[in-house]
Amino acid sequence: MIISALLRFVAWLLAAAVTFVTLGPQDVRPHPVFGQHADHALAFLLVGIVFGLAYPQRRWTASVVAVALIGLLEIMQLWVPGRHARFGDFMVDALSACVGFALSAAADRMMAQFGGVPTH
């Protein structure tokens, strides 16, 4: 129960951080470490993994909502000075989040197969 609450807290904190970095002022945006697409992929992969572990009973629903919100986040950049909305960015972000959700499902299956306690 405590682990589930902690995972949910971390998931929403991560989502808030990604939103702030995406839509926040220029001076709070991090500079790319691995390159723009790789940094995006890593951030949204983590979002998918953590949300998938935090909400295992609703993983499919959470992944659909995540893709829709990623699209909305991309579109909202049209109103942020110095930002742009690109379909390629949306694809990298959405696919990375979906891979993260899939990895969380695989982790659940492996835990169940090897006698661990599944997260749901």
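It should be emphasised that the depicted structure is a prediction, and the values quoted were computed from it without experimental measurement. (Residues numbered from 1 in each chain as written. Predicted model: local features only at pLDDT ≥ 70, side-chain atom pairs only at ≥ 80, totals over all residues. Heavy atoms only, no water.)

Asks: How do you make sense of the side chain of Gln-77 when you look at a structure like this?
Replies: Secondary-structure assignment places Gln-77 in the loop between helix H3 (59-76) and helix H4 (87-113). Accessibility expressed as a relative area gives 3% for Gln-77, which makes it buried. Once you skip the residues sitting within four places of it in the chain, Gln-77 turns out to touch Thr-22, Leu-23, Arg-83 and His-84. (Helix = DSSP H or I, 4+ residues; strand = E, 2+ residues; numbered from the N terminus. Buried < 20%, exposed > 50% of the residue type's maximum accessible area, 1.4 Å probe, protein only. Contact = heavy atoms within 4.5 Å.)

Asks: Please explain the nonpolar core as it appears in this structure.
Replies: In summary, soluble globular proteins display a tendency toward joint burial of nonpolar side chains. Within the largest apolar cluster, 18 residues are counted, with the highest numbers of intra-cluster contacts made by Ala-11, Val-18, Phe-44, Phe-51, Ala-54, Ile-70 and Phe-101. Those elements giving two or more residues to this core turn out to be helix H1 (2-23), helix H2 (36-54), H3 and H4. Here this core takes five residues from H2, the largest share from any one element. Setting aside residues up to four positions removed in sequence, Ala-54 forms contacts with Ser-4, Leu-7, Arg-8 and Ala-11. (Core = buried A, V, L, I, M, F, W, Y, C linked by side-chain atoms within 4.5 Å.)

Asks: Which parts of the structure should I look at to understand the packing of aromatic side chains?
Replies: Two aromatic rings, taken as a pair, are described by how far apart their centres are and by the angle between their planes. Tallied over the entire structure, the rule returns three aromatic pairs. Taken together, a centroid distance of 5.0 Å and an interplanar angle of 85° make the contact between Trp-12 and Phe-51 edge-to-face. Placement of Trp-12 in helix H1 and of Phe-51 in helix H2 is noted, with a sequence separation of 39 residues between them. With relative accessibility at 9%, the residue Phe-51 sits in the buried group. With a centroid separation of 6.1 Å and an interplanar angle of 15°, the aromatic rings of Phe-51 and Tyr-55 are classed as stacked. By relative accessible area, which is 17% here, Tyr-55 ends up buried. Feature note: the residues Trp-12, Phe-51 and Tyr-55 constitute an aromatic cluster, connected by ring pairs. (Phe/Tyr/Trp six-rings, centres within 6.5 Å; stacked < 30°, edge-to-face > 60°.)

Asks: How should I be thinking about the packing of H3 against H4 in this particular structure?
Replies: Between two packed helices, the angle of one axis relative to the other and the distance separating the axes together describe the packing. One way to put it is that H3 packs onto H4 with a least axis distance of 9 Å and a crossing angle of 160°. In this view, H3 runs roughly antiparallel relative to H4, as classed from their interaxial angle. For the element pair H3 and H4, the recorded crossing hand is right-handed. Here H3 contributes Arg-59, Ala-62, Ser-63, Ala-66, Val-67, Ile-70, Gly-71 and Glu-74 to the contact with H4, which in turn contributes Asp-89, Phe-90, Asp-93, Ala-94, Ala-97, Cys-98, Phe-101, Ser-104, Ala-105 and Asp-108. (Axes fitted to C-alpha atoms, helices over the stretch in contact; angles between N-to-C directions. Parallel < 35°, antiparallel > 145°, perpendicular 65-115°, else oblique. Left-handed = near helix turned anticlockwise from the far one by under 90°.)

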